[in-house]
Amino acid sequence: MKASSSRRAVRMGDQIMREVGTLLVEEAADPRLQLVTLSGVRMNANLRIAEIFYTVSGDAEHRKAVQTGLEKATGFLRSRLGRILKLQYTPELRFQFDEFLEDVVYGKSHPAD
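The rules behind the values
Residues numbered from 1 in each chain as written. Predicted model: local features only at pLDDT ≥ 70, side-chain atom pairs only at ≥ 80, totals over all residues. Heavy atoms only, no water. Phe/Tyr/Trp six-rings, centres within 6.5 Å; stacked < 30°, edge-to-face > 60°. Lys NZ or Arg CZ within 6 Å of the ring centre and 35° of its normal. Pairing = 2+ DSSP bridges. Helix = DSSP H or I, 4+ residues; strand = E, 2+ residues; numbered from the N terminus. Axes fitted to C-alpha atoms, helices over the stretch in contact; angles between N-to-C directions. Contact = heavy atoms within 4.5 Å. Buried < 20%, exposed > 50% of the residue type's maximum accessible area, 1.4 Å probe, protein only.

A. Region of interest: the packing of aromatic side chains. Under the criterion given, the structure shown has one aromatic pair. Positioned above the aromatic ring of Y89, the side-chain terminus of R48 is 3.9 Å from the ring centre. The ring of F97 has R63 sitting right over it, with the charged end atom 4.3 Å from the ring centre.

In structure tokens, the structure reads:
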């Protein structure tokens, strides 16, 4: 995915991160999605894909469960996001565990899963 650094992409990424975070806290019923922290959003060049970076504490098994929960909730999150942001095209949401933040902040190194 070719990331965009335009002001519009950055603004949209920030807005998507805010709204998805709010939806996860207030409306997501899946217990796997509790205590998930969103760390950033990267938009592609044509603003059709939003790659959302997240962190969560726990072992590799817990991280896989959270990833599965996020992938399952993608349709719900995308439809609610489309209604809230009133965009002509709601970007595809892709969730990616933020290895960089884990390594820098917590000094942890996780083996590739």
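B. Examining the sheet that holds strand β3 (residues 92–97) more closely. Read across the open sheet, the three strands follow the order β1-β2-β3; overall the sheet is mixed. Whereas interior strands pair on both sides, the edge strands pair on one side only; in this sheet they are β1 (37–43) and β3. Averaged over neighbouring strand pairs, the angle between their axes works out to 25° when direction is ignored. As paired strands, β1 and strand β2 (residues 49–55) are joined by six bridges and run antiparallel to one another. Bridge pairing in β2 links V41 to I52. In this fold helix α1 (residues 7–26) packs onto β1, β2 and β3, with an angle of close to 145° to the strand it touches most, β1. Across the sheet, helix α2 (residues 60–85) lies against β2 and β3, angled at about 160° from β3, the strand it touches most.

C. Inspection of unusual backbone geometry at higher detail. Of note in the backbone geometry, L35 takes a positive phi value of approximately 65° without being a glycine. In this fold, L35 is placed in the loop between α1 and β1. Under the relative-accessibility criterion, L35 is labelled exposed at 74%. Positive phi, normally seen in glycine, also occurs at K86, with a value near 55°. Along the polypeptide, K86 turns up in the loop between α2 and β3. Among the residues examined, K86 registers a relative accessible area of 71% and is labelled exposed.

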